[in-house]
Amino acid sequence: QVQLVESGGGLVQPGGSLRLSCTASGFTLDYYAIGWLRQAPGKEREEISCIESSSGRTVYAESMKDRFTISRDNAKNSVYLQMNSLKPEDTAVYYCATHWASVCPRLGYGDFTSWGQGTQVTVSS
């Protein structure tokens, strides 16, 4: 079975933090650039961050640059998204996905080869 599984979502108050995990099964993430995407109700899915396979270079959407941090641990076949200073508008289903390339394309323009079922993040008081 080849799949990606996201975890770590939940209900958090504004200003709080969550750490999302993405773990691959059936294949290795070593050679892929990995993106985090999110989709809010009634909105299109958007890519918010990406991390490259070798250099570790990271890319963020402007609204997340100072609050979110993407990282990876190839030994654990996992990618993470640390989310701080969460806002109600961050409420969405969060997905991880493998890019076709090993480097990050411009956010939202790359082709994805695999993605998970998502994990729900709800920011509310």
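The preceding data block contains the structure.
Please read all numbers here as calculations on a predicted model, not as lab measurements. (Residues numbered from 1 in each chain as written. Predicted model: local features only at pLDDT ≥ 70, side-chain atom pairs only at ≥ 80, totals over all residues. Heavy atoms only, no water.)

A.B. asks: Describe the pattern of salt bridges, listing the residues and the values that go with them.
C.D. replies: Under the definition given, this model contains 4 salt bridges. E52 is the partner of R57 in a salt bridge, and the nearest nitrogen-oxygen pair spans 2.8 Å. A residue is classified by how much of its surface remains accessible, and E52, at 7% relative accessible area, is buried. Between R67 and D90 there is a salt bridge; the shortest N-O distance is 2.7 Å. With R67 in the loop between strand 6 (58–60) and strand 7 (68–73) and D90 in the loop between strand 8 (78–83) and strand 9 (92–99), the pair connects residues that are 23 residues apart, well separated along the chain. Both residues of the pair, R67 and D90, belong to the buried class. Overlapping salt bridges, with partners in common, bring together R38, E46, R67 and D90 in one network. (Salt bridge = Lys/Arg side-chain N within 4 Å of Asp/Glu carboxyl O. Buried < 20%, exposed > 50% of the residue type's maximum accessible area, 1.4 Å probe, protein only. Helix = DSSP H or I, 4+ residues; strand = E, 2+ residues; numbered from the N terminus.)

A.B. asks: Before we move on, could you go through the nonpolar core and cite the residues and values that matter?
C.D. replies: Proteins that are soluble and globular tend to have nonpolar side chains buried together. W36, F68, V79, L81, M83 and Y94 are the most contacted members of the largest nonpolar core, which has 31 residues in total. Elements with a contribution of two residues or more to this core: strand 3 (18–25), strand 4 (34–39), strand 5 (46–51), strand 6, strand 7, strand 8, strand 9 and strand 11 (119–123). At 4 residues, strand 3 tops the list of elements feeding residues into this core. Excluding anything up to four places from it in sequence, Y94 contacts E6, L20, W36, L37, R38, I48, F68, L81, M83, G118, T119 and V121. (Core = buried A, V, L, I, M, F, W, Y, C linked by side-chain atoms within 4.5 Å. Contact = heavy atoms within 4.5 Å.)

A.B. asks: Explain the packing of aromatic side chains to me, using residue names and the numbers behind them.
C.D. replies: Each aromatic ring pair is specified by the distance between its two centres and by the angle formed by the two planes. Scanning all chains against the criterion turns up 1 aromatic pair. Above the ring of Y80, the side-chain terminus of R19 is found at 4.0 Å from the ring centroid. Here the guanidinium or amino end of R45 rests over the ring plane of Y95, the centre of that ring lying 4.1 Å away. (Phe/Tyr/Trp six-rings, centres within 6.5 Å; stacked < 30°, edge-to-face > 60°. Lys NZ or Arg CZ within 6 Å of the ring centre and 35° of its normal.)

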